[in-house]
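A look at the structure
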Amino acid sequence: MASPLDLPVAELAACVADPRDPLRAADVVDASLRRIAALDGRLHAFLHVDDAGARRAAADLDDRVARGEAVGPLAGVPLAVKDNLAVAGLPLTCASKVLGGYVAPRDATVIARAKAAGAIVVGKTNLDEFAMGSSTENSAFGASRNPYDLARVPGGSSGGSAAAVAAGLVPLALGSETGGSVRQPASLCGIVGHKPTYGRVSRNGLVAFASSLDQVGPFGRSAEDTAALQRVIEGADPLDATSRAFPDGPAAARLAGDLAGLRVGVVEELEVGATGDPEVVAAVERVRAALVARGATLVRLSVPLMKAGIPVYYVVAPAECSSNLARFDGIRYGARVDAPELDALYARSRDAGFGAEVKRRILLGTFALSAGYADAFYKRAMSLRGALREQMTAAFARCDVLVSATSPFPAFRAGEKAGDPLAMYLCDVLTVTANLAGGPAVSVPAGRTRAGLPVGVQLWGPDGSDLGLLALGATLRGATGLAYEAPALAREVP
Amino acid sequence: MHVTDALVRQVAKLARIELSDAEVAAMVPQLDRILGHVEAVGSVDAGAHDPAALDPVPSATLRPDVEAPSLDRAKDVMRNAPEKDTMGVFFLVPKVLED
């Protein structure tokens, strides 16, 4: 029999929830932990594996099922969690030395909801320190690798979560987005990754990087699996004032409907062109052609301010980061370097605790907010962000969805961009604008390059159309046949 | 915008990060290149827009200000303290007041 881990999530959970079915949550969790033990030495997707806790939670769930209790839609599904989300009793490091030894006192809202739905947290995954990066090489605890080519990066910052799902270690994972940190690794690892509409998912228990951009997002091998996790984690939360409920509107219904008549936006500023990989360009063209063949129409349009996406993002995100990361001062938690007076204790603890990229962004943000420069940088960037949002509203009056590449290129080699911060920032050129504008966007698999590297296509919809977008992802798979394909490494362990 | 050694040191001071001389030297050309790119925010035409649309927390969504249970101090909060007093209820810091 194939591994239960390879079943669609809904089917897996239905088996576990059925007391007459022989498949138990304990078996599923055991299969996940065995794959992690066999493969993660090469991938380094996990920073912490909670064997004992996962087995205990699985046994508890099986007991409840045996007693005839109803369990949730993720019953027995192993879940990997990016290590910037709080899971009660487990380490929470953000892949930073500054949080070494920190144990989370409570569950993030998304974790509490996933657990209540029956998901079993098996461990915490690697990331770029404080989610700042696009390759998962900025981790203080060592880089993660791409399951399709171990010499390459999985993308980032949620690279550990993406690699864990792609390698078949877990069916589902949680990541977080600030400028593309779910979609870009999903694209580079050949899976589905969703950036929800800002406010759709609670940020309570997510370590803040840039609060006006941050959003927790789900990963899965299919759009259906990803939607199953999205439905569980979303909704208003009294512990996050920016969260709210999004009723299913006509935009979502349109995306979930027939492809005939669907207006597919092709935005000039999201075209990869000569700067990107020709195989990525070809993959996007194939997807668009498949949509057109089924009755969709292409609408060519321009969103001029998208050209300023990276500059605006790299003012706004570092500015908010410099403020949010001020809390890491060596007093209440985290690493402390002793000094005879308080200011030196702060400054030395922060120098020793933060890695180079985090310091770079804190300095950039401090500069952008400093006296004499705040008007020219921060206020100006926020003004452009408001204008970009208006241009997006206008764009969605003319089309139902934007279809583009997620990343201009497939997975790059480890170390290739590590010495060039700006080159790393430009990895996010196609994703940051959705964070700045706030809308939902998903990356879905769109085939592989001749070298076998996955390529992703980004679907971006109007605010609140999340579940429609994920439904469109499933329709697209049906239309193109382009789906997740397990890497060779995943077939080593049954 | 030209990033200098002095500017990096000034910003690091504001950010409370004690950079080594080697870190400052590495940071100068990196920040210069990054700022050279993000300076584009000054030369793009934004047109007219409504800044209120950017408010992430419309006041109507705020919950009532009602007292509710918080974290347990001894069990949850002090457990992560780098240094605490012998009773385990206070964070220890260097002396901040003169004798």
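Residues numbered from 1 in each chain as written. Chains lettered and ligands numbered in written order. Predicted model: local features only at pLDDT ≥ 70, side-chain atom pairs only at ≥ 80, totals over all residues.

Quick notes on the overall build of chain A
For chain A, the helix and strand inventory stands at 16 helices and 11 strands. Scaling as 2.2 N^0.38, a compact globule of 494 residues should have a C-alpha radius of gyration of about 23 Å, and chain A matches this with 21 Å. With respect to the principal axes defined by its C-alpha atoms, chain A has extents near 70 × 60 × 45 Å. For chain A, buried positions account for 63% of its 494 residues. A separation threshold of at least 6 residues defines the contact pool for chain A, and within that pool the share at least 24 residues apart is 77%. (Helix = DSSP H or I, 4+ residues; strand = E, 2+ residues; numbered from the N terminus. Rg over C-alpha atoms; globule rule 2.2 N^0.38 Å. Buried ≥ 20, exposed ≤ 12 C-beta atoms within 10 Å, placed from the backbone. Contact = placed C-beta atoms within 7 Å.)

Side note on the pairing of strand 2 (residues 78-82) of chain A
Residues and elements named next belong to chain A. Across the five residues of strand 2, five count as buried, placing the element largely inside the fold. Both faces of strand 2 are covered, namely the face carrying Pro78, Ala80 and Lys82 and the face carrying Leu79 and Val81. The handedness of the strand 2 to strand 3 (residues 120-125) crossover, carried by helix 4 (residues 109-116), is right-handed. Here three bridges tie strand 2 to strand 4 (residues 172-177), and the two strands are oriented parallel to one another. Across the sheet, the residue bridging to valine 81 is leucine 174, located in strand 4. (Right-handed = clockwise from strand over helix to strand, strands pointing away. Pairing = 2+ DSSP bridges.)

Quick word on the pairing of strand 5 (residues 192-195) of chain A
Remark: a regular strand shows side chains that alternate across the two faces of the sheet. Residue and element names in this part refer to chain A. Residue alternation in strand 5 divides its side chains into two sets, Val192 and His194 and Gly193 and Lys195, and both sets are buried. The sheet contact formed by strand 5 and strand 6 (residues 215-220) spans two bridges and is antiparallel. Bridge pairing in strand 6 places glycine 193 opposite phenylalanine 219.

A closer look at unusual backbone geometry
All names here are of chain A. Here the residue pair glycine 156 and serine 157 is connected by a cis peptide bond, since its omega of 10° sits within 30 degrees of zero. Within the secondary structure, serine 157 is located in the loop between strand 3 and helix 5 (159-166). Despite not being glycine, alanine 95 has its phi angle at roughly 55°, a positive value. What makes alanine 95 buried here is the crowd of 31 C-beta atoms within 10 Å. Its identity as a non-glycine residue notwithstanding, phenylalanine 130 has a phi of 55°, on the positive side. Relative to the helices and strands, phenylalanine 130 resides in the loop between strand 3 and helix 5.

Here we look at the packing of helix 12 (residues 356-369) of chain A against helix 2 (residues 21-38) of chain B
Contact pair helix 12 of chain A / helix 2 of chain B: the axes reach a minimum separation of 11 Å and the direction vectors enclose 55°. Viewed along their axes, helix 12 of chain A and helix 2 of chain B adopt a mutual orientation that is oblique. Like other packed secondary-structure pairs, helix 12 of chain A and helix 2 of chain B cross with a definite hand, here right-handed. When helix 12 of chain A is examined against helix 2 of chain B, the residues Arg360(A), Leu363(A) and Leu364(A) are found in contact with a partner set consisting of Met27(B), Gln30(B), Leu31(B) and Ile34(B). Classifying every residue of the contact of helix 12 of chain A with helix 2 of chain B by side-chain character gives five nonpolar, one polar and one charged. (Axes fitted to C-alpha atoms, helices over the stretch in contact; angles between N-to-C directions. Parallel < 35°, antiparallel > 145°, perpendicular 65-115°, else oblique. Left-handed = near helix turned anticlockwise from the far one by under 90°. Nonpolar A, V, L, I, M, F, W, Y, C, P; charged D, E, K, R; others polar.)

Considering the packing of helix 10 (residues 309-324) of chain A against helix 13 (residues 375-398) of chain A
Residue and element names in this part refer to chain A. Orientation of helix 10 relative to helix 13, taken along the N-to-C sense of each, is 120°, at an axis distance of 9 Å. When you trace helix 10 past helix 13, the crossing you get is left-handed. Contacts from Val312, Val315, Val316 and Ala319 of helix 10 reach helix 13 at Phe377, Tyr378, Ala381, Met382, Leu384 and Arg385.

Comments concerning the interface of chain A and chain B
Opposite the 53 residues of chain A that make contact, chain B presents 43 residues. For the side of chain A that touches chain B, the element with the most residues is helix 13 of chain A, which contributes 12 residues. In terms of residue class, the side of chain A that touches chain B is made up of 31 nonpolar, nine polar and 13 charged.

Describing the sheet that holds strand 1 (residues 46-49) of chain A
Residue and element names in this part refer to chain A. Taken in spatial order, the 11 strands line up as 1-3-2-4-6-5-10-11-9-7-8 in an open sheet, and their pairing is mixed. The sheet is open, and its two borders are formed by strand 1 and strand 8 (297-301), each paired with just one other strand. Here the average twist between neighbouring strands, direction ignored, is 30°. The sheet contact formed by strand 5 and strand 10 (residues 441-448) spans three bridges and is antiparallel. Across the sheet, residue lysine 195 finds its bridge partner in strand 10, namely alanine 441.

Quick look at helix 1 (residues 5-14) of chain B
Of the residues making up helix 1 of chain B, those classed as buried are Leu7(B), Val8(B), Val11(B) and Ala12(B). For helix 1 of chain B, the arc enclosing every buried residue in end-on projection is 130°, short of the 170-degree limit, so these residues lie on one face. Looking at helix 1 of chain B, the residues exposed on the side facing more than 90 degrees away from the buried face are Asp5(B) and Ala6(B). Summarising the contacts, the buried residues of helix 1 of chain B are in contact with helix 12 of chain A together with helix 2 of chain B. Looking one or two places after helix 1 of chain B, you find Arg16(B), whose phi comes out positive at around 55°. (Arc of directions from axis to C-beta.)

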